[in-house]
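# Reading the structure
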Amino acid sequence: MATSNRSSPECWLLGKPVDSLSCARLPRKRDVLSLYLFHHVVEKKTVMEGLNLACGKVLTVWERARIPTQRVDACVRKLRGIHDKYQALKKHRTRGRESDRVKEKMFLDDLQDLFDVATSDALQTMTNEEDKEFLKMQREDVFSCSIAGIDAKKSGVEARRWKRNEQEAALKRRYDEREAKVQGAAAAFSSSSTSSEESQADDDYRPSTSACTSGFPAKRPKNIFTSPEVVGALDRVNLPDRGAAFVTGAVAQALGHDISDLTLSRSSIRRSRSHTRQIQDEEARKKFHAAGPLLLHWDGKMLQEMRGKTVERVAILVTGQGFEKLLGIPSAARSTGEAQAAACLELLESWKIRDEVVGLVFDTTASNTGLHKGACVRIEEGLERELAMLACRHHVLEIVFSDVFRVVFGDTGGPEVALFKRFQKEWPTINQQEYTVAEDTLFEGHLEQLRSQMKDYLASALADPTKCPREDYFEFLQLAALFLGGGTTTQPSFRAPGAIHHARWMSKGIYCLKMFLFRHQFKTTKREERNVTVMALFIALVYVRFWHEAPLSSHAPHNDIMMLTELQKYTNQINVAATASNALQRHLWYLA
């Protein structure tokens, strides 16, 4: 029976809190809320501790009634909702409004209902009719019936069921021990055989006792999952082990094979795939020979595994003169620079190429460039020598472009650019066949020379689409060529404007070029038109070339020098060249 402490404080609307629940019936909402307040107010527990303690006692009463219940977290959420409503009413308890008194009366009436934590299909899964009837009556009125004492008959049935399960488990253990001995004898027989068919036998196959004792073991199924081609195909389509068993069995039957001759055990497939991957990895490491100095690349990303768990994966590869090699994609305990550095050093040690690494290629995140705990510093400490710091040129040029954009357009004051948002809304009304390229008056002196050079460069770049791994990369080059008056001879097709937030940094360049090409259809102020023109000139004449060649890390020193040289010659109305030069010079760490 629920009891209360005489020294316990009074709780508004509820009186003194109770420290236990009645075991004669299922608890009401009022009982559970009062029990929670006892743990929280009297025993000074935290909110979550009080909720968990109260819900634990509630589930104990429901389990005694033999009714399937929800998980404890669902029970906690339900009680938390009642408590939040109680706190909201308590906040306005001193107000004299009639509506507040009505809400309090409705809340008290609701507290008399059953605190129902049964599963949604409880009545369908329960087999005892008395238990079903009890649950129905408790939902109508908790005082209509009560829980009786222990049913001796049911207790005896459960005891006999438990004893029977224990006997079955003991029989299974003895059977597994006997089969293990049989398997060992079969393995000894198989090792003495030289036939190719027996060399491909499934390690998990268990011959019958009669075949082994007679000296002639049965024919073992063929394990096709030791083939590197099969394992590679399954991994390429991300097919799980159980799915591989289903697909293999269906294909074998369609081809007229007897599936009893194949290994289709899920555990055997899993072990075979793991063993085959390990063999392939060892062979790849034996064949790999690093000719000359190497650059180490890495990048981390949160990925979801087949079991639904999200882990941090670090892709690690090395590049040299004319080649690149993926070393592995191990998991890291955390997304910190220290964890990524540890993963890189471990792979370098396993591939035995620690001494060949002379430089690091990385993106410009704080986890990599941190002065004390960054991955670059940790890798240098692990290799015990200084390395060339070559930041990813795409990330560096992203910073260069962001600084120039900020100088030209100013701070946006939000996660999106308002001008781009306007253009995105008006895009459906724009006639894509009526675009206007840049006038010749925009190119004077050195800019005219740059225009001629870039038209030839962009034409050769667009002629080989394989150099653009993504469609937005190709679109960037195509828009720059159209701006300069080049591009294709046929009518170009324009993609609808996409994301406009700052994380999609390339969208700024694509938007500026599109707004200039359709400037006669998109209304802008004179200042906005000037800013768009300045950005379009900088993109098409200087930026797009060095951005397109950024993936070639070995060309970075030459490209950086060429870009700095072009920026010194570049003339503009706004301080674009100086801003771009300063941003680029901040990331020439490999010259230190």
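Scroll up for the structure.
The sections below set out a description of the structure shown in this document. (Residues numbered from 1 in each chain as written. Predicted model: local features only at pLDDT ≥ 70, side-chain atom pairs only at ≥ 80, totals over all residues. Heavy atoms only, no water.)

### Structural notes on the overall build of the protein chain
Secondary structure assignment for the protein chain yields 23 helices and 6 strands. Scored against the burial criterion, the 592 residues of the protein chain give a buried share of 39%. (Helix = DSSP H or I, 4+ residues; strand = E, 2+ residues; numbered from the N terminus. Buried < 20%, exposed > 50% of the residue type's maximum accessible area, 1.4 Å probe, protein only.)

### A word on empty space enclosed by the protein
In the structure shown here, the tally under the stated rule is 5 cavities of 30 Å³ or more. Computed from the structure, the largest cavity encloses a volume of approximately 70 Å³. Lining the largest cavity are Arg 393, Leu 397, Phe 546, Glu 549, Ala 550, Leu 552, Ala 556, Asn 559, Asp 560 and Met 563. Elements that contribute at least two residues to the lining of the largest cavity include exactly helix H16 (393-409) and helix H22 (556-569). Here the lining of the largest cavity is composed, by residue class, of 6 nonpolar, 1 polar and 3 charged. (1 Å grid on protein atoms, 1.4 Å probe; cavity = no way out; pocket = protein on both sides within 12 Å on 5 of 7 lines; lining within 4 Å. Points joined across faces, edges and corners; volume = space filled by probe spheres on them. Nonpolar A, V, L, I, M, F, W, Y, C, P; charged D, E, K, R; others polar.)

### Describing the environment of Ala 499
One can find Ala 499 in the loop between helix H19 (471-483) and helix H20 (506-517). Each C-alpha atom, one on Ala 499 and one on Glu 416, is 9.2 Å from the other, the two residues being 83 residues apart in sequence.

### So, the pattern of salt bridges
With the rule as written, the count across this model stands at 31 salt bridges. A salt bridge links Glu 528 to Arg 422; the shortest N-O distance between them is 3.1 Å. Within this pair, whereas Glu 528 is found in helix H21 (residues 526-548), its partner Arg 422 is found in helix H17 (residues 418-426), the two being separated by 106 residues in sequence. Glu 528 sits in the buried class, given a relative accessible area of 19%. (Salt bridge = Lys/Arg side-chain N within 4 Å of Asp/Glu carboxyl O.)

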